[in-house]
Amino acid sequence: KAGVTQTPRYLIKTRGQQVTLSCSPISGHRSVSWYQQTPGQGLQFLFEYFSETQRNKGNFPGRFSGRQFSNSRSEMNVSTLELGDSALYLCASSLLPAAGANVLTFGAGSRLTVL
Amino acid sequence: SQQGEEDPQALSIQEGENATMNCSYKTSINNLQWYRQNSGRGLVHLILIRSNEREKHSGRLRVTLDTSKKSSSLLITASRAADTASYFCATESANSGYALNFGKGTSLLVTP
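Rules used throughout
Residues numbered from 1 in each chain as written. Chains lettered and ligands numbered in written order. Predicted model: local features only at pLDDT ≥ 70, side-chain atom pairs only at ≥ 80, totals over all residues. Heavy atoms only, no water. Helix = DSSP H or I, 4+ residues; strand = E, 2+ residues; numbered from the N terminus. Rg over C-alpha atoms; globule rule 2.2 N^0.38 Å. Contact = heavy atoms within 4.5 Å. Phe/Tyr/Trp six-rings, centres within 6.5 Å; stacked < 30°, edge-to-face > 60°. Lys NZ or Arg CZ within 6 Å of the ring centre and 35° of its normal. Disulfide = S-S within 2.5 Å. Buried < 20%, exposed > 50% of the residue type's maximum accessible area, 1.4 Å probe, protein only. Buried area = accessible area lost by both parts, 1.4 Å probe. Salt bridge = Lys/Arg side-chain N within 4 Å of Asp/Glu carboxyl O. Polar contact = N/O pair within 3.5 Å; in protein donor to acceptor, adjacent residues only side chain to side chain. Nonpolar A, V, L, I, M, F, W, Y, C, P; charged D, E, K, R; others polar.

## Comments concerning the overall build of chain B
Then, in step 1: If you tally the helices and strands in chain B, you get zero helices and eleven strands.
Then, in step 2: In chain B, the order of α-helices and β-strands from amino to carboxyl end is β-β-β-β-β-β-β-β-β-β-β.
Then, in step 3: Radius of gyration (C-alpha) of chain B: 13 Å, near the 13 Å computed for a compact globule of 112 residues.
Then, in step 4: Seen along its three principal axes, the alpha-carbon backbone of chain B occupies a region of about 45 × 25 × 20 Å.
Then, in step 5: Considering only contacts within chain B whose residues lie at least 6 apart along the sequence, 55% involve residues at least 24 apart.

Spelled out as structure tokens, the structure:
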């Protein structure tokens, strides 16, 4: 069974640009979550999608957005990049609601560097 | 905001020794999970303990949960060099809206 696949794995952007990250969940997983990981703030929740609907969003500015497609694949977009957006962006999928608990299977992450 | 706080921040032990990491949290929870992360890659789920459980085992892992103290501990017995990683606790609450709240992690180094 293939794991959670994130692309691209590494990318470098400059301030003001925008970026789109992609995530393919485990087959059969319909819930997809995104987290931002930085040395200073640790892991912070960005958003969660289920059946193409955003069910929750973390405390991030509107420059951070996402969507989920009918095949459960998800993308997140960050516009007008700032230096502070440099981070490891982690996508995770889960069997919610079937599992009864939100046990996450993570991808390897997309490491974004903003210059 | 961070719900869980791990202690210690860093731990260095030798192979064969036991490693104990602690996690404290602030609000009532449905469950608490532990994850491992190797070298800035994705996290791997290790074990889940529900709020009505006090102890769980999985292989060399033992997790305890004390809801009265809002704390949990992860014990790794007979550590191996391959256990070198960062370990995070994550809490799921009834009102967390499918978000897990992660602590900042304990960095474990196991030397041969």
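The structure having been displayed, the exposition proceeds.
## Thoughts on the packing of aromatic side chains
Then, in step 1: Per the counting criterion, the structure on display carries eight aromatic pairs over all chains.
Then, in step 2: Here the aromatic cluster, defined as three or more aromatic residues joined through ring pairs, consists of Y35(A), F45(A), F106(A), Y35(B) and F102(B).
Then, in step 3: Above the ring of Y98(B), the side-chain terminus of R55(A) is found at 3.6 Å from the ring centroid.

## Section: the state of the cysteines
Defined simply, a disulfide is a covalent bond joining two cysteines at their sulfur atoms.
All names here are of chain B.
Then, in step 1: Counted by the stated rule, this structure contains two disulfides over all chains.
Then, in step 2: Across a sulfur-sulfur distance of 2.0 Å, C23 and C89 are joined as a disulfide pair. Judged by the sign of its S-S torsion, about 65 degrees, the bond between C23 and C89 is right-handed. You can see C23 sitting in strand β3 (residues 19-24) and its partner C89 sitting in strand β9 (residues 85-92), a full 66 residues away along the chain. The same class applies to C23 and to C89, which are both buried.

## Considerations on the interface of chain B and chain A
Then, in step 1: Opposite the 21 residues of chain B that make contact, chain A presents 24 residues.
Then, in step 2: On the chain B side of the contact with chain A, L43(B), Y98(B) and F102(B) bury the most area, a combined 31% of that side's loss.
Then, in step 3: Seen at the junction of chain B and chain A, the total is zero salt bridges.
Then, in step 4: In this structure, the connection of chain B to chain A is made through nine residue pairs in polar contact (both at pLDDT 80 or more).
Then, in step 5: Those elements giving two or more residues to the side of chain B that touches chain A turn out to be β4 (31-37), β5 (43-50) and β9 of chain B.
Then, in step 6: A class-by-class count of the residues in the side of chain B that touches chain A yields eight nonpolar, nine polar and four charged.

## Some remarks on the side chain of S22(A)
Residue and element names in this part refer to chain A.
Then, in step 1: Summarising the element assignment, S22 is placed in strand β3 (residues 19-24).
Then, in step 2: Only 2.9 Å separates the side chain of S22 from the side chain of R73, close enough to count as a polar contact.
Then, in step 3: The contact partners of S22, leaving out residues within four places of it in the chain, are T5, Q6, T7, W34, R73, S74 and E75.

## What to know about unusual backbone geometry
Then, in step 1: In this chain, T7(A) is followed by P8(A) through a cis amide linkage whose omega measures -10 degrees.
Then, in step 2: Locating P8(A) in the fold gives a position in the loop between β1 (5-7) and β2 (10-13).
Then, in step 3: Backbone torsion omega between D7(B) and P8(B) reads 0 degrees, so that peptide bond is classified as cis.
Then, in step 4: Structurally, P8(B) is set in the loop between β1 (5-7) and β2 (10-14).
Then, in step 5: For T80(A), which is not glycine, the phi torsion reads 45 degrees and is therefore positive.
Then, in step 6: Mapped onto the elements, T80(A) comes out in the loop between β8 (74-78) and β9 (87-94).
Then, in step 7: Residue classification places T80(A) among the partly exposed positions, given a relative accessible area of 48%.
Then, in step 8: Phi angles above zero are rare outside glycine, and Y98(B) is one such case at about 70 degrees.
Then, in step 9: Inspection of the secondary structure puts Y98(B) in the loop between β9 and β10 (101-102).
Then, in step 10: For Y98(B), a relative accessible area of 33% translates into the label partly exposed.

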